[in-house]
Amino acid sequence: QVQLVESGGGLVQAGGSLRLSCAASGRTFSSYAMGWFRQAPGKEREFVARITWSGGSTYYADSVKGRFTVSRDNAKNTVYLQMNSLKAEDTAVYYCAADSRTRWVTMVVGPDGYDYWGQGTQVTVSS
């Protein structure tokens, strides 16, 4: 089992940047592929980005491609989401999630594909 804690959210102006972090407990962080999701008020949780267990492969939602970058440091048990050129529509609670079952697969976009979730961190982009 793994516990996930997100940080780095906040209020930023449109066009600005934020970097989210997700720290994982335990010594088997490299056993998991990691994903980022977000949920805006009144909307369903949506996929943002994913990185495989080794960091060798990533996948992004079309809405963030070219603006967001997911990375991981297995030595620090941490996954990151660098968000640039932020837009008002990026406003949401951002969640990291761990996938223990298909850690080598690049494209897993449904929430059901993930086993563990963090509590979320709020990102608000003012226009």
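The coordinates are above.
In this text, all values refer to a predicted model and were calculated from it rather than measured experimentally. (Residues numbered from 1 in each chain as written. Predicted model: local features only at pLDDT ≥ 70, side-chain atom pairs only at ≥ 80, totals over all residues. Heavy atoms only, no water.)

Draft legend 1. A look at the pairing of strand 8 (residues 78-83). Judged by how many residues are buried, strand 8 sits mostly within the fold: five of six residues are covered. Pairing between strand 3 (residues 18-24) and strand 8: six bridges, direction antiparallel. Paired with Ala-23 across the two strands is Thr-78, which belongs to strand 8. As judged from the six bridges shared by strand 7 (residues 68-73) and strand 8, these two strands associate in the antiparallel manner. Across the sheet, Thr-69 pairs through a bridge with Gln-82, a residue of strand 8. The turn joining strand 7 and strand 8, which pair antiparallel and follow one another in sequence, is formed by four residues; a positive phi near 55° is taken by Asn-77. (Buried < 20%, exposed > 50% of the residue type's maximum accessible area, 1.4 Å probe, protein only. Helix = DSSP H or I, 4+ residues; strand = E, 2+ residues; numbered from the N terminus. Pairing = 2+ DSSP bridges.)

All quantities given are derived from atomic positions and should not be read as evidence of function.
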